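# A look at the structure
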Amino acid sequence: MAQRAKSGDKRRKCKLSTPNPLAETWTSPFEMPPFERIKVAEFLPAFDKGFAQHRREIAAVLRNRQPATFANVIDALERSGDLLNRISAVFFNLAATDTNEEIQAIERALAPRFARHRMRIYQNTTLLGRVRGLLKTRRRLKLSKEQACVLERYHRAFINAGAGLPPKARKRMAAIAARMSVLGTHFSQNLLADEQAFVLVLDGEADLAGLPEPIRAAAAQTAAERGHKGKHAITLQRSSIEPFLQYSARRDLREKAFNAWITRGAKGGRTDNRKIVAEVLALRAERAKLLGFKTAAHFALEFSMAKTPTSVRKLLMEVWGPARTRAGEERNQLQQCVQAEGSNFELAPWDWRYYAEKVRKAHFAVDDGEIKPFLQLDSVIAAAFDVAGKLFDLTFAERKDLPVYHPEVRIFEVKRGERHVGLFLGDYFARPSKHSGAWMSSWRKQQRLTGDITPIVVNVMNFAKGRPGEPTLLSLDDARTLFHEFGHGLHGLLSNVTYPSVSGTSVEKDFVELPSQLYEHWLTRHEVLSRFARHYKTGKSMPPELLKRLESARNFNQGFKTVEYLAAAIVDLDLHVHGDAEGIDVDGFEREVLKRIDMPSEIVMRHRIPHFQHIMGGYAAGYYSYLWSEVMDADAFQAFEESGHIFDAKLARRLHDHIYAAGGSRAAVDAYIAFRGRLPSTQALLKKRGLVASTTAR
Ligand SMILES: [Zn+2]
């Protein structure tokens, strides 16, 4: 994921009586927030100040009686809201990574305030009038490409907030925005509550059957953190439950954990998300209609490369067929494995990962447990830095002198030669106070409008920590996630634009996964693994023949992975094409869609609707974007392969200039063509996933 959704209003009368560190000018190096002095109770008063200051700045723009110019409208809007942005960055990052009841209550209070604040600005008809005037005369304004993009974005933001609608519809739009922000906050807090509530405690050898040592170590550490010292524990974090499902020989425990996992957000009672989803979808459909769009999906796709639900569906279905067929073959193979073991049950969803691991071991002699000891967290971080050094000439040096919001957070200064590029924060370990998943977000965005502002980005993961004194070991999937989020991080760090609103990852939603997914390609290359994948005990590098086996097993289980993902992408699209303002029956809807596409009963979609965090935030009708971006990343990496050198300097330069540094300063299509000379086809993607007919032989 790139940015997590920020919720964003109810006025409270709070006065700043004592100095509030949140509202001061931060004097620490790089203006890092003074975390050690910030008290949670100071957030609301600071936000009051931030909102008020932003309102004053907007009022000043409105008071200007001079004829509208790019500078007195757009530049002025871009400069406004600095204090609010700074406080928001601190608060929402904290709310996602180290929350508690006090923070959650503030989050709920802030959500409708942000929605109202935003609407007050973006529904302002005078501002819209000035933006429209600029748009009409843009040819005469001699704007740069970047300025033209910024202007178009502002125009779209005003129109999409309803500023062009009659007063009654405008009012309704504001009410919808406020309600949606409240619902969004509840959704993610409910999900966290369901995740916190479940711990599977493993008591004794019988419960641990099948689990290799690195997984036991992580489970022991989790148990200690959750108050079950001396035992082992599995949580609903992906990095905890997935390895458990892969290795646990206890079918009953796999079933128990799996069912808890896939029913997050649908457990009935206070934390149930199904009604919330139904209401959000109905509101989105209503908003789309008010704005003149056919459906919420048409609205959501306006600013994307795909543009329409039809072109999204075309891509999804082009891949669904081959993926479905492959998954069927894989299922048969796993069922044979069940039989060969002397069992006669039908493969169930909680069996898939377990038997897939066995088949992988038997066919390719590749075992995740064999790989893990070679993938120490610190080495994988070093590998990610090294690749960035080779491609983009960056160096990373850890800084221990800067304030952090949690003792586990690490800060690295990023430089090119002697020049400071930005700060990179890594927050790697799972903890009960952290939301699940992995994401990148920005503390401070690169821009040159208000000075040479360098970026500060953070990568947040949920890795299971190793035992005290022992290194944290990653699975290959974990390592891929680290490279993925680091790719987003570089998109923020390498940004080279003037305007904040087009900085870094502020690009079309189906382009945003290109820098991250593309970066994953370097991880599994021999040039990288042979240097950085070293056994945590012996220090020996990963044997070449294990690397070879890994390579040959690359397409293993791709049917499952593709089907699991595509089902979620199709359900997401259908939910937003669905125009029923009355709200939907979430369970029934999911069942219907899956039936229509003939979803294999042994596979459960990657995120079921009640815990599908992506679609509550910026990825609504946008979960397809991983695949859309993958069409490009497969094609883009092919350019390096064709050159015969995965660090080819010329290509890396073009990649830097047109993809990683350009932000949203130009249309994504133009950026891609500038890098590759042409648009990609889906062939490279099908080949990458091993779904092309000619390469289906294992
Ligand atoms: Zn991502």
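All figures in this text were calculated on a predicted structure; none of them were measured in a lab. Counting of residues starts from 1 at the beginning of each chain's written sequence and follows it residue by residue. At least 70 in pLDDT is required for a residue's local features to be given in this predicted model, at least 80 for side-chain atom pairs to be given and counted, and no such filter applies to totals for whole chains, interfaces and linings, which use all residues. Note: side-chain values were computed over all heavy atoms of the structure, leaving out hydrogens and water.

### Topic: the overall build of the chain
Scanning the chain from N- to C-terminus turns up 28 helices and seven strands. C-alpha atoms define the radius of gyration, and 2.2 Å times the number of residues to the power 0.38 defines the globule rule. For 698 residues, the compact-globule estimate of 2.2 N^0.38 gives 26 Å, and the chain sits close to it at 25 Å. Dimensions of the chain, computed from the C-alpha atoms along their principal axes, are close to 85 × 60 × 55 Å. The classification of residues rests on relative accessible area computed with a 1.4 Å probe and restricted to protein chains. Under 20% of the type maximum is buried, over 50% is exposed, and intermediate values are partly exposed. Within the chain, buried positions represent 61% of all 698 residues. For the charge count, each Lys or Arg is scored as positive and each Asp or Glu as negative, with His and the chain ends excluded. Here the site of a charge means atom NZ of a Lys, CZ of an Arg, CG of an Asp or CD of a Glu. Each charge sign in the chain was given a centre, from 105 positive and 80 negative side chains, and these centres are 6 Å apart. A run of H or I in DSSP counts as a helix once it spans at least four residues, and a run of E counts as a strand once it spans at least two, with each numbered from the N terminus.

### Considering the pattern of salt bridges
Salt bridges, as used here, are contacts in which a Lys or Arg side-chain nitrogen is within 4 Å of a carboxyl oxygen on Asp or Glu. What the rule picks out here adds up to 55 salt bridges. Linking Arg525 and Glu641 is a salt bridge whose minimum nitrogen-to-oxygen distance equals 3.2 Å. Separated by 116 residues along the polypeptide, Arg525 in the loop between α19 (514-523) and α20 (526-532) and Glu641 in helix α25 (residues 625-643) bring together distant segments of the chain. Taking relative accessible area as the criterion, Arg525 reaches 22% and is therefore assigned partly exposed. Taking the relative accessible area as the measure of exposure, Glu641 reaches 44% and is therefore partly exposed. One salt bridge connects Arg676 with Asp635, and the closest N-O pair in it is separated by 3.2 Å. You can see Arg676 sitting in helix α27 (residues 668-676) and its partner Asp635 sitting in helix α25, a full 41 residues away along the chain. Comparing Arg676 with Asp635, the two get one shared label, buried.

### Regarding the coordination of the zinc ion
A donor here means an N, O or S atom no more than 2.8 Å from the metal, or no more than 3.2 Å when the metal is Na, K or Ca. Since water is not included, a site may seem to lack partners. Around the zinc ion, the donor atoms from the protein are His484 (NE2), His488 (NE2) and Glu513 (OE), and they sit 2.1 Å away. In terms of primary sequence, the donors binding the zinc ion are separated according to H-x3-H-x24-E. Taken as a pair, His488 in helix α18 (residues 476-493) and Glu513 in the loop between α18 and α19 lie far apart in primary sequence, 25 residues in all. Since its relative accessible area comes to 0%, Glu513 is described here as buried.

### A look at the nonpolar core
Proteins that are soluble and globular tend to have nonpolar side chains buried together. Side-chain atoms within 4.5 Å are what join buried Ala, Val, Leu, Ile, Met, Phe, Trp, Tyr and Cys residues into a set we call a nonpolar core. Core analysis: the biggest nonpolar cluster contains 139 residues, and Leu482, Leu490, Phe511, Tyr519 and Trp522 have the highest contact counts within it. Here this core gets 11 residues from one element, more than from any other, and that element is helix α22 (residues 558-577). Apart from the residues within four sequence positions on either side, Leu482 is in contact with Leu377, Val380, Ile381, Ala384, Tyr428, Asn459, Met461, Phe463 and Leu474. Listed in part, the 36 residues of the second largest apolar core include Met32, Leu83, Leu402 and Val458. Two residues qualify as a contact provided that any one of their heavy atoms is within 4.5 Å of a heavy atom in the partner residue.

### Examining the packing of aromatic side chains
Each Phe, Tyr or Trp ring (for Trp, its six-membered ring) is paired with any other whose centre lies within 6.5 Å, and the angle between the two planes then decides the class: stacked below 30 degrees, edge-to-face above 60, tilted in between. By the definition in use, this model includes 43 aromatic pairs. Considering the side-chain rings of Phe47 and Phe51, the 6.2 Å spacing of their centres and the 35 degrees angle between planes classify their relative orientation as tilted. Pair noted here: Phe47 and Phe51 are both in helix α1 (residues 43-63), with a separation of four residues, about one helical turn. Grouping aromatic residues by their ring pairs yields a cluster made of Phe385, Phe396, Phe412, Phe424, Phe483, Phe486, Tyr519, Trp522, Phe637 and Phe640. Between the NZ or CZ atom of Lys390 and the centre of the ring of Phe647, over which it lies, the distance is 5.5 Å. Note on geometry: a ring has a charge over it if NZ (lysine) or CZ (arginine) is within 6 Å of the ring centre and within 35 degrees of the ring normal.

### Remarks on helix α2 (residues 70-79)
Counting buried positions along α2 gives seven out of 10 residues, so the element sits mostly inside the fold. Looking only at α2, the buried set comprises Phe70, Asn72, Val73, Ile74, Asp75, Leu77 and Glu78. Backbone geometry just after α2 places Gly81 at a positive phi near 80 degrees.

### Some points on the pairing of strand β4 (residues 410-416)
Between any two strands, pairing holds if DSSP finds at least two bridges. Inspection of the sheet shows strand β3 (residues 395-398) paired to β4 by four bridges, in the antiparallel sense. When the bridges of β4 are listed, Ala397 appears paired with Glu413. Note that β4 and strand β5 (residues 419-429) share seven bridges and pair antiparallel. Bridging across to β5, Arg410 finds its partner in Gly426. Hairpin connection between β4 and β5: a loop of two residues separates the two successive antiparallel strands, and Gly417 in this loop has a positive phi of roughly 60 degrees.

### With respect to the packing of helix α14 (residues 309-340) against α25
Contact geometry for α14 and α25: axes closest at 10 Å, N-to-C directions at 75 degrees. With respect to α25, the axis of α14 lies roughly perpendicular. Each of Ser311, Leu315, Leu316 and Val319 in α14 lies in contact with α25, whose residues at this interface are Leu627, Trp628 and Val631. Residues that form the contact of α14 with α25 fall into these classes: six nonpolar, one polar and no charged. Axis lines are fitted to C-alpha atoms, over the contacting stretch for helices. Their N-to-C directions set the angle, which ranges from 0 to 180 degrees. Relative orientations are named as follows: roughly parallel for angles under 35 degrees, roughly antiparallel for angles over 145 degrees, roughly perpendicular for angles from 65 to 115 degrees, and oblique for any other angle. Note on residue classes: Ala, Val, Leu, Ile, Met, Phe, Trp, Tyr, Cys and Pro are nonpolar, Asp, Glu, Lys and Arg are charged, and everything else, Gly too, is polar.

### What about the confidence of the model for the chain?
Low pLDDT marks stretches whose predicted atomic positions should not be read closely. In the predicted model, the chain carries a mean pLDDT of 93, and 96% of its residues have values of at least 70. Taken as a whole, residues 5-16 scores under 50 in pLDDT and shows 41 contacts with residues more than four places along the chain or in a different chain. The predictor's confidence in any single residue is recorded as pLDDT, a number from 0 to 100. A low-confidence stretch, residues 694-698 (pLDDT under 50), is modelled with eight contacts involving residues beyond four sequence positions or located in other chains.

### Topic: unusual backbone geometry
A positive phi angle, close to 55 degrees, is found at Glu31, a residue other than glycine. Among the structural elements, Glu31 can be located in the segment before α1. Of note, the phi angle at Lys142 is positive, near 55 degrees, even though the residue is not glycine. Along the chain, Lys142 turns up in the loop between α6 (138-141) and α7 (145-161).

### Some remarks on the packing of α18 against α19
Between α18 and α19, the least distance of the axes is 7 Å, while the angle of their chain directions is 130 degrees. In terms of axis orientation, α18 runs oblique to α19. Where α18 crosses over α19, the two elements pack in a sense that is right-handed. The segment α18 lies against α19, with Leu476, Ala479, Arg480, Phe483, His484, Phe486, Gly487, His488, Leu490 and His491 engaging Pro515, Ser516, Gln517, Tyr519, Glu520, Trp522 and Leu523. Across the contact of α18 with α19, the residue classes break down as nine nonpolar, six polar and two charged. Helix crossings get a hand from a simple test, with the near helix turned counterclockwise from the far one by less than a right angle marking a left-handed crossing and a clockwise turn marking a right-handed one.

### Observations regarding the environment of Val457
One can find Val457 in strand β7 (residues 456-463). Expressed as a C-alpha distance, the spacing of Val457 and Gly426, which sit 31 residues apart in the sequence, is 8.7 Å. Aside from chain neighbours lying at most four places away, what touches Val457 is Leu423, Phe424, Leu425, Met440, Ser441, Ser442, Trp443, Gly489, Gly492 and Leu493.

### What to know about the sheet that holds β3
Sheet architecture is open: five strands sit in the order β3-β4-β5-β7-β6, paired in mixed fashion. For this open sheet the edge positions go to β3 and β6 (439-444), each flanked by a neighbour on one side alone. Across the sheet, the mean angle separating the axes of adjacent strands is 30 degrees when strand polarity is ignored. Running at roughly 155 degrees to β6, helix α3 (residues 82-97) makes contact with β5, β6 and β7 of the sheet.

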